[in-house]
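# Fold and geometry: a report
Spelled out from the first residue to the last, the chains are:
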Amino acid sequence: MTGSLFAVSDLHVSYPRNRKIAGRLRPESADDWLIVAGDVGEVFADVEQTLAGLRDRFATVIWAPGNHELWTHPNDPVQLRGVERYDALVRMCRDNGVLTPEDDYPVWTGPGGPVTVAPLFLLYDYSFRVPGVTGKEESLRRAYAAGVVCTDEMMLHPAPFPDRESWCWDRVARTRERLDAIDPAMSTVLVSHWPLVREPTEVLRYPDFAQWCGTELTADWHRRYRATVAVYGHLHIPRTTHYDGVRFEEVSLGYPREWVRRGTPPQPMRRILGDGS
Ligand SMILES: [Fe+2]
Ligand SMILES: [Fe+2]
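Before going into details, it helps to say that this report is about the structure given with it. (Residues numbered from 1 in each chain as written. Chains lettered and ligands numbered in written order. Predicted model: local features only at pLDDT ≥ 70, side-chain atom pairs only at ≥ 80, totals over all residues. Heavy atoms only, no water.)

Moving on, we come to the coordination of the iron ion (ligand 2). In the first shell of the iron ion (ligand 2), the protein supplies Asp39 (OD), Asn67 (OD1), His193 (NE2) and His234 (ND1), at 2.1 to 2.2 Å from the metal. For the iron ion (ligand 2), the 4 donor atoms in the first shell make angles of 90 to 162° at the metal, so the coordination geometry reads as irregular. Separating the iron ion (ligand 2) from the iron ion (ligand 1) is a gap of 3.5 Å, bridged by aspartate 39, which donates to each. Taken together, the residues asparagine 67 in helix H3 (residues 67-70) and histidine 193 in the loop between strand S6 (187-192) and helix H8 (221-224) connect sequence positions 126 residues apart. Under the relative-accessibility criterion, histidine 193 is labelled buried at 0%. (Donors = N, O, S within 2.8 Å, 3.2 Å for Na, K, Ca; no water. Tetrahedral: all angles 85-135°; square planar, octahedral: opposite > 155°, others 65-115°. Helix = DSSP H or I, 4+ residues; strand = E, 2+ residues; numbered from the N terminus. Buried < 20%, exposed > 50% of the residue type's maximum accessible area, 1.4 Å probe, protein only.)

Structurally, the position occupied by glutamate 249 is in strand S9 (residues 246-250). For glutamate 249, a relative accessible area of 4% gives the class buried. Of note is the side chain of glutamate 249, whose polar atom sits 2.7 Å from the side chain of threonine 240. There is a polar contact of 2.7 Å between the side chain of glutamate 249 and the side chain of arginine 247. Other than its neighbours up to four places away in sequence, glutamate 249 contacts Val229, Ala230, Val231, Tyr232, Arg239, Thr240, Arg270 and Ile272. (Polar contact = N/O pair within 3.5 Å; in protein donor to acceptor, adjacent residues only side chain to side chain. Contact = heavy atoms within 4.5 Å.)

Turning our eyes to something else, we now look at the pattern of salt bridges. One pass over the full model with this rule turns up 14 salt bridges. Across the pair aspartate 220 and arginine 224 runs a salt bridge whose closest N-O atoms are separated by 3.3 Å. Among the residues examined, aspartate 220 registers a relative accessible area of 25% and is labelled partly exposed. On the accessibility criterion, arginine 224 (36% relative accessible area) is partly exposed. The shortest N-O distance in the salt bridge between glutamate 249 and arginine 247 comes to 2.7 Å. When salt bridges with common partners are traced through the structure, they connect Arg247, Glu249 and Arg270 into a single cluster. (Salt bridge = Lys/Arg side-chain N within 4 Å of Asp/Glu carboxyl O.)

Here helix H7 (residues 164-180) contains 17 residues, and its C-alpha end-to-end distance of 24 Å stays within 8% of the 24 Å for a straight helix at 1.5 Å per residue. Regarding H7, the residues found buried are Arg164, Glu165, Ser166, Trp167, Cys168, Arg171, Val172, Thr175 and Leu179. (Expected span 1.5 Å × (residues − 1).)

Note that strand S8 (residues 239-243) and S9 share 5 bridges and pair antiparallel. By the bridge assignment, tyrosine 243 is partnered in S9 with valine 246. Connecting S8 to the antiparallel partner S9 that follows it, the hairpin turn spans 2 residues, and aspartate 244 within it adopts a positive phi of roughly 55°. (Pairing = 2+ DSSP bridges.)

If you walk across this open sheet you meet the 6 strands as S4-S5-S6-S7-S9-S8, and the pairing is mixed. The open sheet has two edge strands, strand S4 (107-108) and S8, and neither has a second partner. Bridge count for S4 against strand S5 (residues 115-120) is 2 bridges, and the pairing is antiparallel. Note that in S5 the partner of valine 107 across the bridge is threonine 116.

Glancing now at the layout of surface pockets. For the largest pocket, the calculated volume is near 730 Å³. Lining the largest pocket we find 24 residues, and of these Phe209, Leu235, His236, Arg257 and Glu258 sit closest to its centre. If you tally residues by element for the lining of the largest pocket, the top one is helix H9 (residues 256-261), at 3 residues. Residue composition of the lining of the largest pocket, grouped by class: 12 nonpolar, 6 polar and 6 charged. One number sums up the size of the second largest pocket: a volume of about 160 Å³. Taken together, Pro238, Val251, Ser252, Leu253, Trp259, Arg262, Thr264, Pro265, Pro266, Gln267, Pro268 and Arg270 make up the lining of the second largest pocket. Grouping the constituent residues of the lining of the second largest pocket by class yields 7 nonpolar, 3 polar and 2 charged. (1 Å grid on protein atoms, 1.4 Å probe; cavity = no way out; pocket = protein on both sides within 12 Å on 5 of 7 lines; lining within 4 Å. Points joined across faces, edges and corners; volume = space filled by probe spheres on them. Nonpolar A, V, L, I, M, F, W, Y, C, P; charged D, E, K, R; others polar.)

Structure, rendered in structure tokens:
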């Protein structure tokens, strides 16, 4: 098998210029796969249209949710909240042939394989706090005082869980079971909208924002689950870094005001595995 495993995130297609870029994403070969690591958009129908379009073009599309898909936005006719919304997104993906964190993990057998590709839905639990801050309450108070509050606080409802961290802990427990069941001889590509380790958040312009970016509970997952690559987004800081010798790829497109600053029109699709020859 030839081809490449590509990844992209944070397409944010509610912006017309981003929608155009998403519409132009094309495989280089008929065997190429595409990982979409969350934040396609917040309106349910937009998410479906984008993922269905990508599935028409790529041999396999693998999606993990971002916070924006999980928002219940006042402009969205689909007003489902929390777990019900996530479940509806999973059903929609299945109807369109897109793989989700609830499906069997596919195995990439092209160049760089075989490797198990695991899309994860984990959320965050406010544990990426700035130094010296001891609890969620103090951490949130600081963020409100600084005017750095993630819109999730208003739009990402955790129902039926009492709060987002409880939902996160449930997701972490379920996901550990799934990952523990992978053949220990297999290496993995771990895909999560939020970074598995906190180091990538150290370059955030507003350090208080890190509390909405992940959980300390996954700090050793890239080693424990034999990751070849860990793919994430959410930070809108596209780059490649290494932690404990594991490659981490932040694959976000980001908002137009962000990518315009970087100059050239973006080609946000990143080759994760494969040689492009
Ligand atoms: Fe985003
Ligand atoms: Fe995000």
